[in-house]
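# Structural overview for review
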Amino acid sequence: MRWAGLLLAALLVPAATAVAHVEVEPQRAAAGDAARLTFEVPNELADAATKRIVIQMPRGVTSVVGVKLRGWKLTTRAQQGSVRRATLTAPRGRELTGERRGRFGLTVGLPRREGATLTFKVLQVYDSGEVVRWLGPESTSEPAPTLKLTAAAAPKVPPPAEANEPAAPPTETQPAQGSKKEDGDDGGVPIWAGVGLILLAAIAGSTLARRRNRRRIERHE
């Protein structure tokens with residue numbers, strides 16, 4: 001019975017060790033999107049601390065920006081217009097120790113390759129000099145994290161302008177039906193009315209002058 005228990009424990013230890021590997025969340029993202037990815041890295045050595053994490057970016061990654069780095073420093077290396085490598089370095093006193101798992105948030109500009117599976121090869125460097133290479137397929141003891149690219153998100157189509165914008169007011173006021181607006185009319189007295197007033201004033205002045213002349217003639221007679 002005792003041997004059976006030891007055998008069961010021996011079988012479970014490799015299984016538990018295999019689970020502790022570098023992971024990326026989420027495991028699916030839209031092609032061409034600027035996706036926020038979280039890389040989770042375990043510290044597996046009890047007598048050493050993780051001081052550096054080097055992530056080899058897949059072909060076509062356009063940008064890498066740190067979002068939540070737990071105080072670690074991010075440096076990137078670009079080549080031919082794409083980011084090829086992202087390195088996370090721990091400041092003194094912020095290394096991963098014991099059985100801690102570091103979670104590092106990065107916003108990654110993904111390539112436009114719908115249906116492709118991206119592989120992020122990772123090098124984990126300990127302060128003891130040991131380097132763990134997470135480069136293999138999922139079936140190995142040191143698998144590299146992968147990300148599946150789904151269909152690109154459809155662009156948002158803006159609603160028609162008539163639905164959101166009020167109709168523009170007319171630029172020129174139209175005259176009322178049945179009326180005709182003369183050139184030079186600014187809304188005051190019409191031109192013909194002014195001419196009539198001038199004629200009336202002239203006639204009245206002429207009549208008044210005639211009456212005065214008659215009175216002078218009658219007085220002299």
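## Remarks on the overall build of the chain
Counting its regular elements, the chain contains three helices and 12 strands. In the chain, of all internal contacts separated by at least 6 residues, the share reaching a separation of at least 24 is 69%. Accessible surface computed for the chain: about 16,200 Å², of which carbon and sulfur atoms make up 54%.

## Quick word on the side chain of Thr 38
Residue placement: Thr 38 occurs in strand 3 (residues 34-42). Its relative accessible area of 16% is what places Thr 38 among the buried residues. When sequence neighbours within four positions are dropped, the list of residues in contact with Thr 38 reads Glu 23, Val 24, Glu 25, Arg 103, Phe 104 and Gly 105.

## Observations regarding the pairing of strand 10 (residues 121-126)
In this sheet, strand 10 lies alongside strand 4 (residues 50-56) in antiparallel orientation, the contact comprising six bridges. Looking at strand 10, one finds that Ile 53 is bridged to Gln 124. Here strand 10 pairs with strand 11 (residues 131-134) via four bridges, running antiparallel. The partner of Val 125 across the bridge, within strand 11, is Val 131.

## Observations concerning the sheet that holds strand 2 (residues 28-30)
On the basis of which strands lie adjacent, the open sheet formed by three strands has the order 2-12-9 and mixed pairing. The two strands at the open ends of the sheet, each matched to only one other strand, are strand 2 and strand 9 (117-119). Mean inter-strand twist for the sheet, computed between neighbouring axes without regard to direction, equals 35°. In the sheet, strand 9 pairs with strand 12 (residues 146-150) via three bridges, with the strands oriented antiparallel. Residue Thr 117 lies in a different strand from strand 12, and its bridge partner there is Lys 148.

## A short note on the pattern of salt bridges
A full pass over the atoms with the stated rule returns three salt bridges. Of the charged contacts in the structure, one is a salt bridge between Glu 40 and Arg 103, with a shortest N-O distance of 2.8 Å. Of the two residues, Glu 40 is situated in strand 3 and Arg 103 in strand 8 (residues 101-109); the sequence distance between them amounts to 63 residues. Its relative accessible area of 11% is what places Glu 40 among the buried residues. Several salt bridges share partner residues, and in doing so they unite Glu 25, Glu 40, Arg 101 and Arg 103 into one network.

The rules we used
- Residues numbered from 1 in each chain as written.
- Predicted model: local features only at pLDDT ≥ 70, side-chain atom pairs only at ≥ 80, totals over all residues.
- Heavy atoms only, no water.
- Helix = DSSP H or I, 4+ residues; strand = E, 2+ residues; numbered from the N terminus.
- Contact = heavy atoms within 4.5 Å.
- Areas by Shrake-Rupley, 256 points an atom, 1.4 Å probe, with all protein chains shown as cover.
- Buried < 20%, exposed > 50% of the residue type's maximum accessible area, 1.4 Å probe, protein only.
- Pairing = 2+ DSSP bridges.
- Axes fitted to C-alpha atoms, helices over the stretch in contact; angles between N-to-C directions.
- Salt bridge = Lys/Arg side-chain N within 4 Å of Asp/Glu carboxyl O.

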